[in-house]
Amino acid sequence: MSLPENFLWGGASAANQCEGGIFEDGRGLANVDVCPSGADRKDVITGRRKMLEMDAAHQYPAVEAVDFYHHFREDIGLLAQMGFKVYRMSVAWTRIFPNGDEEEPNEAGLRFYEEVFKECSKYGIQPLVTISHFDCPIGLIRKYGGWKSRKMIDFYLKLCKTLFIRYKDYVVYWLNFNEINMILHAPFMGAGICFEEGEDEEAVKYQAAHHELVAGALAVKLAHEVNPENKVGCMFAAGSAYPYTCHPQDVWEALVTDQENYFFVDVQARGYYPSYAKKRLAGRGILPVMETGDEEILRCYPVDFISFSYYNSRCIAAPGNGGEEAEGNLFKSARNPYLKFSEWGWPIDPLGLRITLNQVYDRYQKPLFIVENGLGAADTPDEKGEINDCYRIDYLREHIRAMKEAVEQDGVDLIGYTSWAPIDLISAGSGEMKKRYGFVYVDKQEDGSGTLSRWKKRSFYWYKKVIETNGEDLK
Ligand code: BGP
C-alpha cells in the first residue's frame, strides 16, 4: 500500500507573508500590512487596538517581507527543483481591488498573478489558491468595518468572480478563507474587525463569521458556474483537543473546544448550522442575524473538499483542573506532559495528525487536503553557510509518516500535502522573520537587513527525495 499516484505534494505560503511590494503597481493597503512586529502585534491582530495605518513607532514586516514580488521566478524555480506538484499561495485582495470597492479591477495586480501562474505551469506545478488568507482591504474596514458588515459578501464575490474568470486556464483548486475559525482568535487579522467600546465581542465575531460562511458558499456556487472543473475547499486551523485527564469535565471541555472549531466546517461541509451551535449561540442571545435565503445558500453549496492546517494537538483542562499553559497557533491550551515542544513552545505531536485526519474524515466523509504543516525554528547557517535543519526533517518525517498511516491503514481520502512554508517568510502570529519554516533560507534578518538571497537548506534535498519517491523514502 502506498499513497495514490497523483498525490499532490507541495508547499504553502500567503501573499502578505512573502510578497512585500505593498506600495507597487497600484496595490492598496490591507489589514495584514498594518499589523506591526513586536509587543503591540497581539493587540492589533485581536482587534483590541485599532491601527488602520502605519506609524513611525512600529515596524511593519509585510512591507518587504521576503520580496516574492520580485523573486517569484527564482522562487518557483526552486519549488520546481524539489519536484513540487502543487503550490498553495494566496492573492492579495488589494492588488486586484486596491480599496475593495472599485468598479474595475487593477490590471497590474491581475497581471502579476497571471505571471506567477504561468511560471507554475511552465513546471507543471498546479496552483492551489487561497482567495483570502488573512486579508481585508483597509478601504473596506474604514467604510464598513470589515466582515462585521454584510456588504462584504458582495465585494468578496466580485473578487472571486474576477479571479475565477481571469485564471480559468490556470487554476482549479481554490480555498475560500484561510483558517476561517481564526476569526474567533485574531479577528482583526482574520476579518478586519476592530472592537468598539461596549461591543459584545462574541456577537460581533459570530455575525462576521456568518457573513463569511454565506460568502464562502456563494463562492462555491460561482466557481462551479464559471468552470465545472473548479474545486473549492474550506480551510480551518485543526488539531484535535485532548482532555487533560480522563476526568469527565476535562473530556467535556475538550469536546466543546473541538465543536468551536468544527462549527465552521460543519456549516461549510454539511450545509447547515449544527444544533449545538444554534442552541448555545441562542442561549447567549448572539445567534447571528440571517436573511431569508441564507440557510438555502448554505445548504445548496457545500465545499468540494476540506483542508486544514495542522501544527499541533491541543490539550484541554476544565477550569480549576490544573495544567500549565502551552503556546500554539494563537490558541492557548494546557501543556501536554507527554509531548516535546518547539523553540516557540508549540507542542510536537505527529500521531495527533493521524488522529485529526481520522476525526475530520469520520465526521465529514469528504476528501481532505493538509495545506499547512511545519516547524518554525531559528535556523542559523554554520561557518560554511550551510543550514543543517535536521530538527525540521525529523518533524516533517514523523508527520508525513503519520499522514501515510492515516491514508494507508485507516483509509482516509487525502488529496495532498503542502508544508508550511517552502521558502522562509514572515510569521503570521508574531511578525518575526527569525521564525523560519522553509526548505530555502532567505537572507533577511530580524532587523530588516540582508541580501534577500536564497540558499537551500538540508531539508531541501530531503523533501525533494520524499516527493520523488511519493513518500516512500523518508530517511
Ligand atoms: C497559520 C497561518 C499561516 C502561518 C502559520 C504558522 O495560522 O495560516 O499564515 O503563518 O499558521 O504560524 P506562525 O507564522 O505564527 O508561526
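Let me begin by describing the structure that accompanies this report. No experiment lies behind these values; they were computed from the predicted model shown. (Residues numbered from 1 in each chain as written. Predicted model: local features only at pLDDT ≥ 70, side-chain atom pairs only at ≥ 80, totals over all residues. Heavy atoms only, no water.)

### A short note on the overall build of the chain
Rules: Put simply, DSSP marks the helices as runs of H or I at least four residues long and the strands as runs of E at least two long, and each gets a number from the N terminus on. Atoms counted for the radius of gyration: C-alpha only. Globule rule: 2.2 Å times the number of residues to the power 0.38. Exposure classes here rest on a 1.4 Å probe applied to the protein chains alone. A residue is buried below 20% of its type maximum, exposed above 50%, and partly exposed in between. The contact criterion used throughout is that any non-hydrogen atoms of two residues lie within 4.5 Å. Counting rule for charge: Lys and Arg are taken as positive, Asp and Glu as negative, and neither His nor the chain ends is counted. Where a charge lies is defined by one atom per residue type: Lys uses NZ, Arg uses CZ, Asp uses CG and Glu uses CD.
Assigned secondary structure in the chain consists of 15 helices and 16 strands. Over its C-alpha atoms the chain spans a radius of gyration of 21 Å, differing by no more than 12% from the 23 Å that the globule rule assigns to 475 residues. Counting across all 475 residues of the chain, residues that qualify as buried make up 62%. Expressed as a percentage of contacts within the chain between residues at least 6 apart in sequence, the contacts between residues at least 24 apart total 76%. Between the centroid of the 54 positive side chains of the chain and the centroid of its 70 negative side chains there is a distance of 2 Å.

### As for the nonpolar core
To keep it simple, the criterion reads: What is meant by a nonpolar core is a set of buried Ala, Val, Leu, Ile, Met, Phe, Trp, Tyr and Cys residues, joined one to another through side-chain atoms within 4.5 Å.
Ranked by size, the top nonpolar core spans 146 residues in total, and within it W147, M403 and Y463 carry the most contacts. If you tally residues by element for this core, the top one is helix 9 (residues 201-226), at 14 residues. Discounting chain neighbours no more than four positions away, the residues touching M403 are L3, F7, W9, L353, L357, I370, L414 and Y417. Formed by 10 residues, the second largest nonpolar core is a distinct cluster that contains Y173, L175, M235 and F305.

### Quick word on unusual backbone geometry
With omega at -20°, the peptide bond leading from W420 into A421 counts as cis. With respect to the helices, strands and loops of the structure, A421 is situated in the loop between strand 14 (414-420) and strand 15 (440-442). In this model, F134 sits at a positive phi of 45°, which is unusual for a non-glycine residue. By the secondary structure assignment, F134 is in the loop between strand 3 (126-132) and helix 6 (138-144).

### Focus: the site of the ligand
Selection criterion: Throughout, near means a residue has at least one heavy atom within 4 Å of the molecule or strand. Residues adjacent in sequence count toward polar contacts only when both atoms are side-chain atoms; beyond that, a polar contact is any pair of N or O atoms within 3.5 Å, and within protein one must be able to donate a hydrogen and the other to accept it. Note on residue classes: Ala, Val, Leu, Ile, Met, Phe, Trp, Tyr, Cys and Pro are nonpolar, Asp, Glu, Lys and Arg are charged, and everything else, Gly too, is polar.
Neighbouring residues of the ligand: 16 residues in total, closest Q17, E179, A428, K435 and Y437. With respect to the ligand, the side chain of H133 contributes an N or O atom lying 2.9 Å from an oxygen atom. Taking S427, its side chain carries an N or O atom lying 3.2 Å from an oxygen atom of the ligand. Looking at the shell around the ligand residue by residue, the class counts come to seven nonpolar, six polar and three charged.

### Considerations on helix 11 (residues 275-283)
Note the cut-off: This arc describes the spread of directions from the helix axis toward the C-beta atoms.
Among the residues making up helix 11, those that are buried are Y276, A277 and L281. The buried residues of helix 11 all sit within an arc of 115° when viewed along its axis, so they share a single face. Away from its buried face by more than 90 degrees, helix 11 exposes S275, K279 and G283. Contacts from the buried residues of helix 11 go to helix 9, helix 10 (248-270) and helix 13 (350-364). Of the residues one or two after helix 11, G285 is the one with positive phi, at around 70°.

### Quick look at the packing of aromatic side chains
Note the following rule: By convention, a stacked pair of Phe, Tyr or Trp rings (six-membered ring in the case of Trp) has centres within 6.5 Å and planes under 30 degrees apart, an edge-to-face pair has planes over 60 apart, and any other such pair is tilted.
Counting across every chain of the model gives 32 aromatic pairs. Ring centres of W9 and Y463 lie 6.3 Å apart, and the angle between their planes is 80°; on these two criteria the pair is classed as edge-to-face. Of the two residues, W9 is situated in strand 1 (residues 8-12) and Y463 in helix 15 (residues 458-468); the sequence distance between them amounts to 454 residues. Of the residues examined, Y463 reaches a relative accessible area of 0% and is grouped as buried. In this structure an aromatic cluster arises from ring pairing among F7, W9, F84, Y417, F439, W462 and Y463.

### A word on the pattern of salt bridges
In plain terms, the rule: When a carboxyl oxygen of Asp or Glu lies within 4 Å of a side-chain nitrogen of Lys or Arg, that pair is called a salt bridge.
Tallied over the entire structure, the rule returns 38 salt bridges. With its nearest N and O atoms 2.7 Å apart, the salt bridge here joins K444 to E64. Residue K444 is found in the loop between strand 15 and strand 16 (454-456), and its partner E64 is found in the loop between helix 2 (41-45) and helix 3 (68-81); the two are separated by 380 residues along the sequence. Residue classification places K444 among the buried residues on the basis of a relative accessible area of 8%. Accessibility expressed as a relative area gives 33% for E64, which makes it partly exposed. One salt bridge in this structure joins E119 and K122, with 3.0 Å as the shortest N-O distance. Highlighted residues: E119 and K122, both in helix 5 (residues 107-122), separated by three residues, approximately one helical turn. Judged by its relative accessible area of 5%, E119 is buried. According to the relative accessible area criterion, K122 is exposed, its value standing at 57%.

### Examining the environment of R436
Looking at the secondary structure, you find R436 in the loop between strand 14 and strand 15. By relative accessible area, R436 is classed as buried at 3%. A C-alpha to C-alpha distance of 9.7 Å links R436 and W420, two positions 16 residues apart in sequence. Among residues more than four places away in sequence, those in contact with R436 are L375, G376, A377, D379, R392, D424, Y441, V442, K444, Q445 and K457.

### Observations concerning the sheet that holds strand 7 (residues 305-309)
Put simply, the test is: Following DSSP output, two strands are said to pair if at least two bridges run between them. Each axis is a line fitted through C-alpha atoms, taken for helices only over the stretch in contact, and angles between the N-to-C directions span 0 to 180 degrees.
Judged by pairing direction, the barrel is parallel, and its eight strands sit side by side in the order 1-2-3-4-5-7-13-14 before closing back on the first. Strand-to-strand twist in this sheet, taken as the mean axis angle between neighbours without regard to direction, amounts to 25°. Relative to strand 2 (residues 86-90), strand 1 runs parallel, the two being bridged by three bridges. Within strand 2, the residue paired with G10 across the bridge is V86. Where helix 9 meets the sheet, it contacts strand 4 (173-177) and strand 5 (231-237), and its direction lies at approximately 160° from that of strand 4.

### Notes on the packing of helix 10 against helix 11
Quick reminder of the rule: Roughly parallel covers angles under 35 degrees, roughly antiparallel covers those over 145, roughly perpendicular covers 65 to 115, and oblique covers all other angles.
Where helix 10 meets helix 11, the axes come as close as 10 Å, and the angle between the chain directions of the two elements is 105°. On the basis of the axis angle, helix 10 is roughly perpendicular to helix 11. Packed against helix 10, whose contacting residues are W252, V256, Q259, Y262, F263 and D266, the element helix 11 presents Y276, A277 and R280 at the interface. Along the lines of polarity and charge, the residues of the contact of helix 10 with helix 11 split into six nonpolar, one polar and two charged.

### Re the state of the cysteines
Applicable threshold: For the purposes of this analysis, a disulfide is any pair of cysteine sulfur atoms at a distance within 2.5 Å.
A complete count under the given rule lists zero disulfides for this structure. No disulfide involves C18; its nearest neighbouring cysteine sulfur is the one of C120, lying 12 Å away. A residue is classified by how much of its surface remains accessible, and C18, at 6% relative accessible area, is buried.

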